[in-house]
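Here is what each chain is made of, one letter per residue.
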Amino acid sequence: MGLKHFLLSIALIATACEKAPVYVTPVLPPEDKPSGDNPSGDKPSGDKPSDGQAAYDFSAVTAPLNAEMIFTKGYSLRYQSVMQSFALNADGTMYGIQVGTSTNKYLLNVTHKAINSDSGKTHMQLPFAGHGGNMDVEHSGGKDYIWVGSYGTWNGSKYTNSQTIARIPFTAGGKLLPSECQEQFYIPGLRNVSPALDIASDRLMVWGLSNGESNTGYFKVYRLSEVMKLPVTEFKLERAVTFGGQDSGYPETTVTPTVRGRKIEGLTPVANIRLNGGMLGTGANQGFAIHGDTIVHFEGIGNDDNPALPSTSSITVLDLSGKILGHYDIAALADKAKLNELGITDTGFLEAEGVKIYDDILYLGYATKHSADNKRMVTIFKYDLRQKEL
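Residues numbered from 1 in each chain as written. Predicted model: local features only at pLDDT ≥ 70, side-chain atom pairs only at ≥ 80, totals over all residues. Heavy atoms only, no water.

## Overview of the pattern of salt bridges
Formally: Within this document, salt bridges are pairs made up of a side-chain nitrogen of Lys or Arg and a carboxyl oxygen of Asp or Glu, the two lying within 4 Å of each other. Helix and strand labels come from DSSP, where a helix needs a run of H or I of at least four residues and a strand needs a run of E of at least two; each type is numbered from the N terminus. Throughout this description, buried means an accessible area under 20% of the type-specific maximum (1.4 Å probe, protein chains only), exposed means over 50%, and partly exposed covers the range between.
Throughout the structure, instances matching the rule amount to 10 salt bridges. Taking the shortest distance from any N to any O, the salt bridge between Arg-274 and Glu-213 comes out at 3.1 Å. Of this pair, Arg-274 sits in strand β20 (residues 271–276) while Glu-213 sits in the loop between β14 (203–210) and β15 (216–223), placing them 61 residues apart in sequence. Judged by its relative accessible area of 12%, Arg-274 falls in the buried class.

## What to know about the sheet that holds strand β21 (residues 285–291)
Stated formally: For two strands to be treated as a pair, DSSP must find at least two bridges joining them. Simply put, an axis is a line fit to the C-alpha atoms, just over the touching stretch for a helix, and the angle between two N-to-C directions goes from 0 to 180 degrees.
With antiparallel pairing, 4 strands are arranged side by side in an open sheet as β21-β22-β23-β24. Taken across any chain shown, the strands that pair with only one partner, and hence form the sheet edges, are β21 and β24 (324–329). Mean inter-strand twist for the sheet, computed between neighbouring axes without regard to direction, equals 15°. Sheet topology places β21 next to strand β22 (residues 294–301); 5 bridges connect them, and they run antiparallel. In the strand pairing of β22, Phe-288 is matched with His-297.

## As for the nonpolar core
Worth spelling out the cut-off: Working definition of a nonpolar core: buried Ala, Val, Leu, Ile, Met, Phe, Trp, Tyr and Cys residues. They are joined through side-chain atoms within 4.5 Å. We call two residues in contact whenever any of their non-hydrogen atoms come within 4.5 Å of each other.
With 29 residues, the main nonpolar core has Phe-58, Ile-315, Ile-330, Leu-362, Leu-364 and Phe-381 as its most contacted residues. Looking at this core, the elements that each hand over two or more residues are β22, β23 (312–319), β24, β25 (350–358), β26 (361–368) and β27 (377–384). Take this core: its biggest share by element is 4 residues, from β25. Discounting chain neighbours no more than four positions away, the residues touching Leu-362 are Phe-58, Val-61, Ile-315, Val-355, Lys-356, Ile-357, Phe-381, Lys-382, Tyr-383 and Leu-385.

## Here we look at the pairing of strand β8 (residues 143–150)
Most of β8 is tucked away, with 6 of its 8 residues classed as buried. As defined by bridge partners, strand β7 (residues 135–140) adjoins β8 across 6 bridges and the pair is classed as antiparallel. Following the sheet pairing, His-139 is matched in β8 by Asp-144. Following β7, the chain reverses through 2 residues before pairing antiparallel with β8; Gly-141 in that reversal takes a positive phi of roughly 60°. Note: β8 against strand β11 (residues 164–169), 6 bridges, orientation antiparallel. Paired with Ser-150 across the two strands is Thr-164, which belongs to β11.

## Brief notes about the sheet that holds strand β12 (residues 183–186)
If you walk across this open sheet you meet the 6 strands as β7-β8-β11-β12-β19-β16, and the pairing is mixed. A single partner strand is all that each edge strand has here, and the edge strands are β7 and β16 (232–236). Ignoring which end each strand starts from, the neighbouring axes of this sheet average 40° apart. Inspection of the sheet shows β12 paired to strand β19 (residues 258–263) by 2 bridges, in the parallel sense. Within β19, the residue paired with Tyr-186 across the bridge is Lys-263.

## A short note on the pairing of strand β5 (residues 107–114)
Along any regular strand the residues' side chains alternate between the sheet's two faces. Of all 8 residues making up β5, 7 are buried, and the element is well covered by its neighbours. Direction of pairing for strand β4 (residues 93–99) relative to β5: antiparallel, over a ladder of 7 bridges. Across the sheet, the residue bridging to Gln-98 is Asn-109, located in β5. Relative to strand β6 (residues 122–127), β5 is paired through 6 bridges, and the arrangement is antiparallel. Looking across to β6, one finds that Thr-111 is bridged to His-123.

## Section: the environment of Val-110
Secondary-structure assignment places Val-110 in strand β5. As for Val-110 and Gly-174, which are separated by 64 residues in sequence, their C-alpha atoms are 9.9 Å apart.

## Some details on the side chain of Gln-286
For the record, the criterion: Whenever a nitrogen or oxygen atom comes within 3.5 Å of another N or O atom, the pair is scored as a polar contact, on the condition that within protein one atom can donate a hydrogen and the other can accept it, and that pairs from neighbouring residues in sequence are kept only if both atoms are in side chains.
Within the secondary structure layout, Gln-286 lies in strand β21. There is a polar contact of 3.4 Å between the side chain of Gln-286 and the backbone oxygen of Gly-300. Not counting residues within four places of it along the chain, the set of residues in contact with Gln-286 comprises Phe-298, Glu-299, Gly-300, Glu-351, Ala-352, Glu-353 and Gly-354.

## A closer look at the confidence of the model for the chain
The test is simple: pLDDT gives the predictor's per-residue confidence on a scale running from 0 to 100.
With 84% of its residues at a pLDDT of at least 70, the chain reaches an overall mean of 87. Low pLDDT, under 50, characterises residues 1–17; the predicted model gives this stretch 19 contacts beyond four residues in sequence or across chains. Ignoring residues within four places in sequence, the model shows residues 26–53, a span with pLDDT below 50, making 50 contacts including any to other chains.

## Comments concerning the packing of aromatic side chains
Threshold: Paired rings are identified among Phe, Tyr and Trp, the last through its six-membered ring, by centres lying within 6.5 Å, and are further divided according to the angle between planes into stacked (under 30 degrees), edge-to-face (over 60) and tilted (the rest).
Scanning the entire structure with this criterion turns up 14 aromatic pairs. Aromatic pair Phe-128 and Tyr-250: ring centres 5.8 Å apart, planes at 85°, arrangement edge-to-face. Residue Phe-128 is found in the loop between β6 and β7, and its partner Tyr-250 is found in the loop between β17 (241–243) and β18 (253–255); the two are separated by 122 residues along the sequence. The buried category is assigned to Phe-128, whose relative accessible area is 4%.

This is the structure:
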């Protein structure tokens with residue numbers, strides 16, 4: 001897009017510029033078909049990873065559990081509690097986000113650590129930011145920038161409904177209130193927002209719930225370069241936030257904040273997908289990723305530490321028009337004996353927590369535990385998405 005057209009787009013009313021929402025109702029496999037079959041009869045696939053390669057085959061997740069699928073297991077973040085989301089780095093480290101415990105639920109903790117070690121962890125704290133349901137990392141100018149929801153509100157049991165997305169340079173030992181984050185992004189009309197990035201494809205994806213439409217959510221995808229060129233202005237958020245109390249050192253307060261940041265409006269989104277019911281599938285939203293022209297939505301439910309019950313998770317794959325390319329149950333969770341044999345869990349507890357695609361590999365994150373204690377450890381499975389030659 002040329003500069004002239006870009007400036008013109010900013011001046012237009014957002015509703016006139018945006019693509020009409022696509023209404024999405026997942027077409028799940030019939031009961032009599034094996035998990036992962038595509039009801040259309042076509043072989044489901046995603047975008048092509050590079051010229052000359054076959055399209056991605058997400059049915060890889062329907063393979064039985066084996067040791068080669070384990071990317072990491074048995075390690076923790078800052079606390080030995082549930083990871084909410086994660087991102088991986090090429091240097092063998094990772095970032096993970098988790099909510100504080102007990103009277104520190106107001107803290108969103110970002111941990112930087114070696115993937116397969118519990119030594120040398122560093123962390124950053126983001127009070128009152130929200131739940132951290134999805135996060136991403138951007139490497140730029142020698143720094144790592146954390147993208148995560150901000151300006152959350154206390155609902156009586158947890159912080160949720162983040163109204164902005166913050167871009168924060170990770171600082172070991174740092175602590176930033178939402179008002180202290182220098183870069184904020186805001187999509188009017190949405191709450192409970194979370195981001196995903198695909199830097200190579202110039203993509204910023206946002207999931208959020210509608211403020212004005214009941215039981216409705218959106219996947220919105222923008223060109224990241226266009227978002228970063230938007231002017232920084234001051235604006236008031238649409239909804240009040242309640243923050244403070246617990247051990248935060250701040251009295252509990254309810255206010256409608258005025259924020260300085262970039263308001264994402266006047267841009268034509270790459271995708272604007274309306275989700276009936278707010279989410280896909282069961283509504284247990286446990287993360288999402290964008291890779292080129294493909295969206296992966298991750299959902300799942302743990303078994304409440306009851307070995308008699310299964311833990312379940314699945315992925316739904318969409319293109320940017322909102323078309324469902326495939327829906328797949330993650331077969332690894334079904335083999336409780338193998339999960340125990342491989343030292344992942346002896347109770348069958350796996351709670352889905354985050355999804356990423358890097359270099360043709362799909363990574364699925366889980367919080368896992370053993371019957372001997374109440375520790376929630378990090379487990380990440382990996383799946384090669386490249387189609388195998390017959």
